[in-house]
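Examination of the molecular architecture
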Amino acid sequence: MIFAAEYKPFVVRAHDEGMHDDGMHDDGMHNDGTDEQVQEGDTGHDGHSESSAHEAMSPFLFSTTTGFYILFEEALVGSTGGFVGAMFAVFFFSFLVGTIISWLGATQSRSKNEHGFLWAVFGATARWFSLALHYTEMLLVMVMNIWIILAVLFGHTAGWLFSRFLDHQFEVSQSIAKSAKSIQVNKAHVR
């Protein structure tokens, strides 16, 4: 797999300073030196790991390039190459989403204007697909890695701009085709 270099399970022990005061403290939370993630000299008060456990449980953004999952446990980003591959995959996926969403929006608009059961089903299917793509992008953002979030944002923006470019090219080609047709009609009338 492109993301997995080596899987090393680790134990995260949740600890709160207030646990000492209200009797909810667990003696198993004290570092006994057997934790793979704890380095020598990397302990806080009473032998608790200050960096590894608290960072692993942090709900805030992080910027590390290895040691996190993308969507699935099997998709561990464990090396720099895996991180670069993940960034390209996320950017490309978001690029496609940005492009497809524009087309789906136009399809949904057309299905509202057209009457008939088939257009309604087509519009509903386009809406479902659009939501599924957006929710998948949301799950990628929820990895909380700032680089993955930027890849989603830049990929989606680039895809949207690309779809605008394609729309413009399509409009230009339609305009040229109309002009060519009107020129041929005018030539036919002149003869």
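Computed from a prediction, not measured in an experiment: that's the story for all the values here. (Residues numbered from 1 in each chain as written. Predicted model: local features only at pLDDT ≥ 70, side-chain atom pairs only at ≥ 80, totals over all residues. Heavy atoms only, no water.)

**Remarks on the overall build of the chain**
Across its full length, the chain carries four helices and two strands. Per-residue burial for the chain yields a buried fraction of 24% across its 191 residues. Sequence separation of at least 24 residues holds for 61% of the intrachain contacts in the chain that already meet a minimum separation of 6. Carbon and sulfur atoms make up 63% of the accessible area of the chain, which amounts to about 13200 Å² in all. (Helix = DSSP H or I, 4+ residues; strand = E, 2+ residues; numbered from the N terminus. Buried < 20%, exposed > 50% of the residue type's maximum accessible area, 1.4 Å probe, protein only. Contact = heavy atoms within 4.5 Å. Areas by Shrake-Rupley, 256 points an atom, 1.4 Å probe, with all protein chains shown as cover.)

**Describing unusual backbone geometry**
The phi torsion of most residues other than glycine is negative, and most of the peptide bonds are trans. Of note in this structure, L71 is not a glycine but carries a positive phi near 65 degrees. Checked against the element boundaries, L71 lands in the loop between β1 (68-70) and β2 (72-77). We note that M144 has phi near 70 degrees; this positive angle belongs to a residue other than glycine. For M144, the location among the structural elements is in the loop between α3 (117-141) and α4 (146-190).

**A closer look at α3**
Taking 1.5 Å of rise per residue, 25 residues should cover 36 Å, and α3 covers 36 Å from first to last C-alpha, within 8% of that figure. Within α3, burial applies to G123, A126, S130, L133, E137 and L140. (Expected span 1.5 Å × (residues − 1).)

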